[in-house]
Amino acid sequence: MSDKLRVGILGATGMVGQRFIALLENHPWFEVVTLAASPRSAGKTYEEAVGDRWKMTTPMPEAVKKMVVKNVNEVEAVCETVDFVFSAVDMTKDEIKAIEEAYAKAETPVVSNNSAHRWTPDVPMIIPEVNPQHNEVIPYQKKRLGTTRGFIAVKPNCSIQSYTPALDALKEYGPKVVVATTYQAISGAGKNFKDWPEMEGNIIPFIGGEEEKSEQEPLRIWGHIEDGVIVKADGPVITTQCIRVPVLNGHTAAVFVSFEKKPSKEAIIEAWKNYKGLPQELELPSAPKQFLHYFEEDNRPQVALDVDYENGFGVTLGRLREDSVYDYKFIGLSHNTVRGAAGGAVLCAELLKAQGYISKK
Ligand SMILES: N[C@@H](CC=O)C(=O)O
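As the structure is a prediction and not an experimental result, all values here were calculated from the model.

(A) Looking closely at the sheet that holds strand E5 (residues 110-112). Pairing in this open sheet of six strands is parallel, and the strands run E3-E2-E1-E4-E5-E6 from one edge to the other. Among the strands making up the open sheet, the edge pair consists of strand E3 (70-71) and strand E6 (152-154). Where strand E1 (residues 5-10) lies against strand E2 (residues 30-37), six bridges are found, and the strand directions are parallel. Across the sheet, the residue bridging to Leu5 is Phe30, located in E2. Set on the sheet, helix H5 (residues 93-105) makes contact with E1, strand E4 (84-87), E5 and E6; between it and E5 the angle comes to about 150°.

(B) Summary view of the UniProt feature "domain: Semialdehyde dehydrogenase NAD-binding" (unreviewed entry) in the protein. UniProt records the feature "domain: Semialdehyde dehydrogenase NAD-binding" (unreviewed entry) for residues 6-138 in the present numbering. In the segment residues 6-138, helix accounts for 29% and strand for 17%; the C-alpha atoms at its two ends are 21 Å apart.

(C) Representation of the sheet that holds strand E11 (residues 251-259) within the structure. Read across the open sheet, the six strands follow the order E10-E7-E11-E14-E13-E12; overall the sheet is mixed. Each end of this open sheet is capped by a strand with a single partner; those strands are strand E10 (237-244) and strand E12 (292-295). Direction aside, the axes of adjacent strands within the sheet are offset by 20° on average. The strands touched by helix H8 (residues 210-221) are strand E7 (175-184) and E10; relative to E10, the strand with the most contacts, the crossing angle is about 145°. Packed onto the sheet, helix H9 (residues 265-274) meets E11, E12, strand E13 (315-322) and strand E14 (328-334) and runs at close to 170° relative to E13.

(D) Quick peek at the confidence of the model for the protein. Across the protein, the average pLDDT comes to 98, with 100% of residues at or above 70. Taken together, the chains of this predicted complex give a pTM of 0.98 and an interface ipTM of 0.95.

(E) The UniProt feature "active site" (unreviewed entry) in the protein, seen in detail. When the UniProt feature table is mapped to this numbering, "active site" (unreviewed entry) covers Cys158 and His251. The greatest C-alpha distance among the annotated residues, which extend across 94 residues, is 7.8 Å, indicating that they converge on a single site. Within the annotated group, the residues that form the lining of the largest pocket are Cys158. Excluding residues that lie within four positions of it along the chain, Cys158 makes contacts with Glu210, His251, Ser334, Asn336 and Gly340. The class for His251 is buried, based on a relative accessible area of 1%.

(F) Spatial organisation of the environment of Glu322. Here Glu322 is to be found in strand E13. Using a relative accessible area of 52% as the deciding quantity, one classes Glu322 as exposed. Along the backbone, Glu322 and Phe256 are 66 residues apart, and their C-alpha atoms lie at a distance of 9.4 Å. If we ignore the near neighbours within four places in the chain, the residues touching Glu322 are Lys262, Asp327, Tyr328 and Lys329. Within the structure, Glu322 has its side chain in polar contact with the side chain of Lys262 (distance 2.5 Å).

(G) How the structure looks around the site of the ligand. Looking at the ligand, the residues that line it are Asn157, Cys158, Gln184, Gly188, Ile207, Glu210, Arg244 and His251. A distance of 3.4 Å is found between an oxygen atom of the ligand and a backbone nitrogen or oxygen belonging to Cys158. In the model, an oxygen atom of the ligand is placed 3.1 Å from a nitrogen or oxygen of the His251 side chain. Bound to the protein, the ligand loses 84% of the 260 Å² it would expose on its own. Placement of the ligand is best described as lying within the largest pocket.

(H) Structural context of the pairing of E2. Counting buried residues in E2 gives six out of eight residues, a clear majority hidden from the surface. Traced from E1 through helix H1 (residues 15-24) to E2, the parallel crossover comes out right-handed.

(I) Region of the structure containing the nonpolar core. Core analysis: the biggest nonpolar cluster contains 54 residues, and Leu10, Tyr103, Trp272, Leu292, Leu317, Leu320 and Phe330 have the highest contact counts within it. There are two domains that each give this core at least three residues, and those are domain 1 (5-157 + 342-354) and domain 2 (159-335). Ignoring anything within four residues of it in the chain, the contact list for Trp272 reads Ala166, Ala169, Leu170, Gln290, Leu292, Tyr294, Leu317, Leu320 and Phe330. Within the second largest apolar cluster, 44 residues are counted, among which are Phe20, Tyr46, Leu352 and Ile358.

(J) Local environment of the packing of aromatic side chains. Within this structure, the stated rule accounts for 13 aromatic pairs. On the basis of an interplanar angle of 85° and a centroid distance of 6.5 Å, the ring pair of Tyr173 and Phe259 is categorised as edge-to-face. Residue Tyr173 is located in the loop between helix H7 (164-168) and E7, and its partner Phe259 is located in strand E11; the two are separated by 86 residues in the primary sequence. Like Tyr173, the residue Phe259 is buried in the burial classification. Between Phe259 and Tyr328, the aromatic rings sit 6.5 Å apart at their centres with planes inclined by 70°, giving edge-to-face as the arrangement. Of the two residues, Phe259 is situated in strand E11 and Tyr328 in strand E14; the sequence distance between them amounts to 69 residues. By relative accessible area, which is 3% here, Phe259 ends up buried. A connected cluster of aromatic rings, assembled from ring pairs, spans Phe20, Trp29, Phe30, Phe84 and Phe86.

What counts, and at which threshold
Residues numbered from 1 in each chain as written. Predicted model: local features only at pLDDT ≥ 70, side-chain atom pairs only at ≥ 80, totals over all residues. Heavy atoms only, no water. Pairing = 2+ DSSP bridges. Helix = DSSP H or I, 4+ residues; strand = E, 2+ residues; numbered from the N terminus. Contact = heavy atoms within 4.5 Å. Axes fitted to C-alpha atoms, helices over the stretch in contact; angles between N-to-C directions. UniProt positions renumbered as here; feature names shortened; annotations may be inferred. pLDDT = per-residue confidence, 0-100. 1 Å grid on protein atoms, 1.4 Å probe; cavity = no way out; pocket = protein on both sides within 12 Å on 5 of 7 lines; lining within 4 Å. Buried < 20%, exposed > 50% of the residue type's maximum accessible area, 1.4 Å probe, protein only. Polar contact = N/O pair within 3.5 Å; in protein donor to acceptor, adjacent residues only side chain to side chain. Near = heavy atom within 4 Å. Areas by Shrake-Rupley, 256 points an atom, 1.4 Å probe, with all protein chains shown as cover. Sits in = over half its atoms within 2 Å of the grid points. Right-handed = clockwise from strand over helix to strand, strands pointing away. Core = buried A, V, L, I, M, F, W, Y, C linked by side-chain atoms within 4.5 Å. Domains from an automatic or database assignment. Phe/Tyr/Trp six-rings, centres within 6.5 Å; stacked < 30°, edge-to-face > 60°.

The following block contains the structure:
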């Protein structure tokens, strides 16, 4: 029998579910054994259920093609086959809250890409390099749920990845005010250009709920644990505008920042170069070796050239310069469906395994 942890994917047919499957093909620690989706897909083989909606650039892995998709609502039937699940279910927020909690209560850890539990006080929301210590709320959550091994952990929104780690690297200088405009790829909405031809040559200046997430979620990431819950940080003040642009993959952020103690440009670049966290120290399988990469060239980072940096798990930065209103401005780029979605969740699960929160049943 394989030593790998047996993994289920909830919401396996959607774009994030597909990305989980692509990323977990040949994963050294995790093996996809169960795929679950809506009752509409249940009972079909995975290739029948997905049909012509496979959106990854790599072919559908042979190992999943003939798997019969389970009904995601049949919690016990899924749980008895797996050690933990990734969740990318597409339901209303209340339904997601309920179903993820049902899996956790059935003693199956849930690592979720969804936003539903991001503000549940005892649910950790993790960027593994930035706040791995927030997983320490898990025992409190288990106590509330009455479980011994089941719990929920989540990753934050894709939009914040292009600037939150870059600012975290500068925390000794006290980032005070942050203004960010994000230029977000259409895959963030689960679409490609075939599904969304109106996006060819177009820009849409609105993404529902995105600005609130982009402004608030970094504060929870920088929060601290008090009495078994995560209390969000008081600052910096963050204001954002989030814009949909005609790009398939890759969220770019144009960021302005002022500090309590203004660093030199050289000190910022040095801090980015040296920035690393637990994933790098523990050499987690998906951890980028160099998380933040700064380009000296004026025309980088570019989506077409740089989105796949470190297999999509790294963040590229460029154009750091002094500003006439704020202290500095710079550009950040991250892969929204790898680091920003399924990949971020896979890295969280690797961290949870390394920290002993998920293991074989
Ligand atoms: N809401 C985002 C997806 C991030 O997870 C988007 O629409 O791009």
